[in-house]
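# Results of the structural survey
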Amino acid sequence: MSQKTSAPQGDPALKRSFKGHKDEVCRVAFNPNLKQAVSGSKDGTVMVWNFKSTMRPFRFVGHKGPVYDVKAAPAGNIIASCSEDSTIRLWKNSVEGHSSIIKKHTGAVKSIDFSFDGSLLLSGSHDKTLMVHQTSDSKFLFSLPHAHNNFINSCKFSPDTRLLASGSDDRS
């Protein structure tokens, strides 16, 4: 029995690159509207890159340390970032770059994730704690203290928001 395989549509090619950060880029994410990409850097800034070449990027300044993770809310109207400075910022996705600050962790915040509907934000930190916040008013809802025995480097909501997953330096 022979099996037909489809030929590749061509090699991947670089469409466009974006330059503007002054230090290493730690994380990139797509805005669900597929009209923007977001990046966070060790220079402490968040950049929102518009795919339309006539539009300038937005530079969000406010963190006092490297930005380790960035995410765009499912609706694309909010950009979340987290940093070495132990804060999470929820930025309005506009040229003004207004943000609200969430300061509940006591260590560097390494990872964030929005729930499927964007109403919740999960964060994981070097303080070994996972926290869940409400995005509408930045309200802290609950934490899982000492979820790990070492630094938390990644966290994620399940697609239905009923489960949380996290990864840590403790190898679990």
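Conventions we followed
Residues numbered from 1 in each chain as written. Predicted model: local features only at pLDDT ≥ 70, side-chain atom pairs only at ≥ 80, totals over all residues. Heavy atoms only, no water. Pairing = 2+ DSSP bridges. Helix = DSSP H or I, 4+ residues; strand = E, 2+ residues; numbered from the N terminus. Axes fitted to C-alpha atoms, helices over the stretch in contact; angles between N-to-C directions. Buried < 20%, exposed > 50% of the residue type's maximum accessible area, 1.4 Å probe, protein only. Salt bridge = Lys/Arg side-chain N within 4 Å of Asp/Glu carboxyl O.

Attention now moves to the sheet that holds strand β7 (residues 88–92). Taken together, the four strands give an open sheet; going across it, the order is β5-β6-β7-β8, and neighbouring strands pair in antiparallel fashion. Each of the sheet's edge strands pairs with one partner strand only, and the pair in question is β5 (67–72) and β8 (99–102). The mean angle between the axes of side-by-side strands here comes to 20 degrees, regardless of whether they run parallel or antiparallel. Strand direction decides the pairing type here: β5 and strand β6 (residues 78–83), joined by five bridges, are antiparallel. The residue of β6 that forms the bridge with Ala72 is Ile79.

Turning our eyes to something else, we now look at the pairing of β7. Across the five residues that make up β7, a large majority, four, are buried. As paired elements, β6 and β7 share five bridges and run antiparallel to each other. Bridge pairing in β7 links Ile78 to Lys92. Count of turn residues in the β6/β7 antiparallel hairpin: four residues, of which Ser86 carries a positive phi of about 70 degrees. For β7 and β8, the ladder comprises four bridges, and the chain directions are antiparallel. Among the inter-strand pairings, Leu90 is bridged to a residue of β8, identified as Ser100.

Applying the stated criterion across every chain, the model contains five salt bridges. Across the pair Asp69 and Lys71 runs a salt bridge whose closest N-O atoms are separated by 3.1 Å. Look at Asp69 and you get buried, because its relative accessible area is 1%. The partner of Asp160 in a salt bridge is Arg162, and the shortest N-O contact between them spans 3.9 Å. For Asp160, a relative accessible area of 41% corresponds to the partly exposed category. What emerges from the salt-bridge pattern is a single network uniting Arg27, Asp69 and Lys71.

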